[in-house]
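Observations on the three-dimensional arrangement
Here are the chains, one letter per residue:
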Amino acid sequence: MAEDEEEIYNGFRAQFPLSFGKQAKPLTPLEAIHRTTTRRPSTSDTTDSNHQENSNQGLPSLSSSSQAWLTSLRNPNSHSTSRHPDDTIRTKPSFSGADDDVAAGPSRSPPDDGGAMIGPPRPTPAASNSDDDDAMIGPPRPPPAETDDDDDDNVMIGPPRPPEEESDSDDDLTEEENGFRIPLSNEIVLKGHSKISSALAVDHSGSRVLSGSYDYTVRMYDFQGMNSRLESFRQLEPSEGHQVRHLSWSPTSDRFLCVTGSAQAKIYDRDGLTLGEFVKGDMYIRDLKNTKGHITGLTCGEWHPKTKETILTSSEDGSLRIWDVNDFKSQKQRRNRFFFGYLLGFEVIKPKLARPGRVPVSTCAWDHEGKCIVGGIGDGSIQLWNLKPGWGSRPDIHVEKAHSDDITGLKFSSDGRILLSRSFDGSLKVWDLRQLKKPLQVFEDLPTHYAQTNIAFSPDEQLILTGTSVERESTSGGLLCFFDRAKLELVSRVGISPTCSVVQCAWHPKLNQIFVTAGDKSQGGTHVLYDPTLSERGALVCVARAPRKKSVDDFEAKPVIHNPHALPLFREQPSRKRQREKILKDPMRSHKPELPITGPGFGGRVGSTKGSLLTQYLLKQGGLIKETWMEEDPREAILKYADVAEKDPKFIAPAYAQTQPEPVFAKSDSEDEEK
């Protein structure tokens with residue numbers, strides 16, 4: 001029965017082409033996918049790796065005679081023959097002279113015919129136990145692969161050759177030498193911005209990435225829903241015309257904070273929908289504690305690491321503010337509310353200044369437990385506030401002149417002992433919070449041109465990483481520098497881009513992947529560095545997912561809407577430029593009018609001596625206008641209408657016809673009239 005069904009199916013199937021029906025898609029192996037994202041080493045690294053590979057071959061060097069012997073065996077024009085596929089290695093040559101041909105066979109006296117083999121072929125090497133092996137000329141035969149004798153191991157010259165997979169990656173060799181396993185073998189770039197990417201935030205699970213840019217937009221990436229095209233699923237513009245300066249996820253990763261160049265920060269949910277916007281303060285009030293919000297552009301903002309209702313922001317108005325997410329119109333003003341066992345008495349923090357005035361606060365940060373606040377002031381100082389009962393605006397720790405320029409980034413260690421600071425002066429300083437008179441170490445030659453350049457720790461906090469900017473005369477490009485926290489020394493410098501500057505970086509602990517934002521004036525993106533053997537999820541998920549192919553069902557014809565009876569309100573107004581061009585083409589409208597004639601007229605044109613207007617001239621000539629008012633008496637001109645007014649009153653007399661039919665004139669009291 002089954003055979004009959006198979007014959008029927010084959011009969012029907014023969015009527016259709018082979019490509020008909022559902023076919024299995026060819027799957028690309030993961031090794032080939034990760035090979036396309038492998039970072040390319042520099043020329044110097046490649047040269048060093050080739051030299052190291054050649055030096056680690058584990059084979060003895062060949063003499064000139066041995067090299068000539070191998071060349072003669074590989075020459076296809078040679079008269080020697082081999083019946084076994086491995087005879088080129090197993091054959092023992094015998095030389096009759098310097099210029100004689102090589103003969104394959106047992107060792108014997110040189111033949112008379114100059115190279116032709118005489119006698120039966122040589123037996124296999126396994127069965128040969130003759131004494132001719134002692135007289136072998138040339139390099140020694142390599143030991144068999146299956147032997148486990150200790151003598152053979154001692155004969156091997158040079159170190160054993162490393163496996164091919166490990167020798168292909170120069171970054172792995174560098175990591176082994178330094179003792180750190182940094183995921184740098186592969187790289188992908190999340191593009192989309194038209195200017196440099198200045199803000200970065202990765203949620204705690206590592207599934208969504210936020211990137212902000214100087215092009216005023218925020219892009220949201222989802223590793224679980226993204227394919228190999230690496231496109232963002234949503235684009236936001238928090239504040240029109242303002243750069244995105246900082247992004248921060250809440251502790252539960254259900255909301256994120258967006259800080260722009262405006263005075264109002266915004267809160268979005270996980271899908272990019274606006275939840276609220278903080279209020280702006282009154283710029284005409286001098287005391288910042290009496291205002292409800294910031295009055296100038298924000299510089300930084302951080303969500304509290306433990307509490308999802310608390311946010312810290314810093315601004316160019318010279319203040320730091322603690323906000324309550326549940327109330328967007330004011331800061332934390334509930335004095336009866338306890339915060340980690342501590343009572344919040346002040347919500348506006350004004351740093352200590354050497355002179356009265358307003359100095360901008362360039363950056364701010366929480367410690368790991370959220371019990372301490374640090375701020376980087378525009379005068380180069382670092383100030384810390386401990387959230388304890390009775391705390392106020394006066395800082396608990398004040399480090400004057402910590403940097404010679406504005407501070408761009410601050411970072412606490414998880415144990416609360418180390419503080420890192422990054423500045424425009426091109427330095428990275430490591431501070432011990434128990435003794436802040438001078439830094440533990442200062443790393444120089446780290447140029448930066450962006451106020452959002454930050455610092456980050458590795459997941460085990462053994463490494464410190466930060467980025468550098470591209471300088472005009474430098475050829476190094478944007479670098480990601482790694483420093484050893486214990487030894488306080490440089491570990492390595494990784495080139496991210498030859499033309500783009502590195503701004504922000506982050507090393508995610510769960511994914512074990514490094515995120516770096518870079519760009520210039522015309523482009524921006526987020527570089528994701530990972531290693532298939534060390535990293536988990538994240539970039540590994542989206543790189544292996546191929547984009548869906550378009551089918552016929554995806555075609556959608558764009559409708560054409562004809563609406564000839566549209567209202568004038570919705571019509572496009574023609575531009576003034578087109579109107580001027582249309583007028584210039586009209587010979588009548590574009591004709592320049594003739595200037596008036598000064599003096600008497602001629603050639604049919606009226607002059608301007610007896611009147612400047614043509615109408616006045618014609619009326620005067622026709623007698624319609626008679627200027628007689630200069631010759632008449634004004635009293636007589638008025639009294640000539642007295643009889644008409646008395647017989648046919650029109651204005652005043654009809655109004656008093658019933659109440660006062662006869663006019664009564666007032667008597668004059670003046671003495672002149674009585675006389």
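Description of the structure in this document. As the structure is a computational prediction, the values presented were derived from the model and not from experiment.

Here we look at the pattern of salt bridges
Counted under the stated rule, the structure contains eleven salt bridges. Measuring nitrogen to oxygen at the nearest pair gives 3.2 Å for the salt bridge that ties Glu-316 to Arg-245. With Glu-316 in the loop between strand E11 (310-315) and strand E12 (320-324) and Arg-245 in strand E6 (residues 244-249), this residue pair connects regions lying 71 residues apart in the sequence. Using a relative accessible area of 38% as the deciding quantity, one classes Glu-316 as partly exposed. The buried category is assigned to Arg-245, whose relative accessible area is 17%. Beyond isolated ion pairs, a larger network of salt bridges with shared partners links Arg-208, Asp-222 and Asp-271.

Thoughts on the nonpolar core
For soluble globular proteins, the rule of thumb is that nonpolar side chains tend to be buried together. Formed by 18 residues in total, the largest nonpolar core has its most connected members in Ile-188, Val-209, Met-226, Phe-515 and Cys-542. Among the secondary structure elements, those contributing two or more residues to this core are strand E1 (186-193), strand E2 (197-202), strand E30 (524-530) and helix H9 (539-543). The greatest single-element share of this core, amounting to four residues, is contributed by H9. In this structure, Met-226 is in contact with Leu-190, Tyr-221, Glu-231, Cys-542 and Arg-545, ignoring residues within four places of it in sequence. Grouped together as the second largest cluster of nonpolar side chains are 17 residues, Leu-463, Leu-480, Cys-505 and Ile-514 included.

Here's the deal with the sheet that holds strand E24 (residues 455-457)
A sheet is described by the order of its strands in space; here four strands give the open sequence E24-E25-E26-E27, paired in antiparallel fashion. With one partner strand each, in any of the chains shown, E24 and strand E27 (489-497) form the two edges of the open sheet. Adjacent strand axes in the sheet meet at a mean angle of 20 degrees, parallel and antiparallel pairs treated alike.

Rules and cut-offs
Counting starts from 1 at the beginning of each chain's written sequence and moves along it residue by residue. Only residues with pLDDT of at least 70 are given local features in this predicted model, and only at 80 or more are side-chain atom pairs given and counted; all residues enter the totals for whole chains, interfaces and linings. The side-chain values count all of the structure's non-hydrogen atoms but skip hydrogen atoms and water molecules. What counts as a salt bridge is simple: a side-chain nitrogen of Lys or Arg found within 4 Å of a carboxyl oxygen of Asp or Glu. Each helix is a run of H or I in the DSSP string that is no shorter than four residues. Each strand is a run of E no shorter than two, and both are numbered from the N terminus. Relative accessibility thresholds used throughout: buried, under 20% of the residue-type maximum; exposed, over 50%; partly exposed, between the two (1.4 Å probe, protein chains only). In these notes, a set of buried Ala, Val, Leu, Ile, Met, Phe, Trp, Tyr and Cys residues joined through side-chain atoms within 4.5 Å is what counts as a nonpolar core. Residue contacts follow a heavy-atom distance rule, with two residues in contact if any of their heavy atoms lie within 4.5 Å. Between any two strands, at least two bridges found by DSSP are needed for them to pair. Angles shown run from 0 to 180 degrees and are taken between the N-to-C directions of axes, each axis being a line fitted to C-alpha atoms and, for helices, limited to the stretch in contact.

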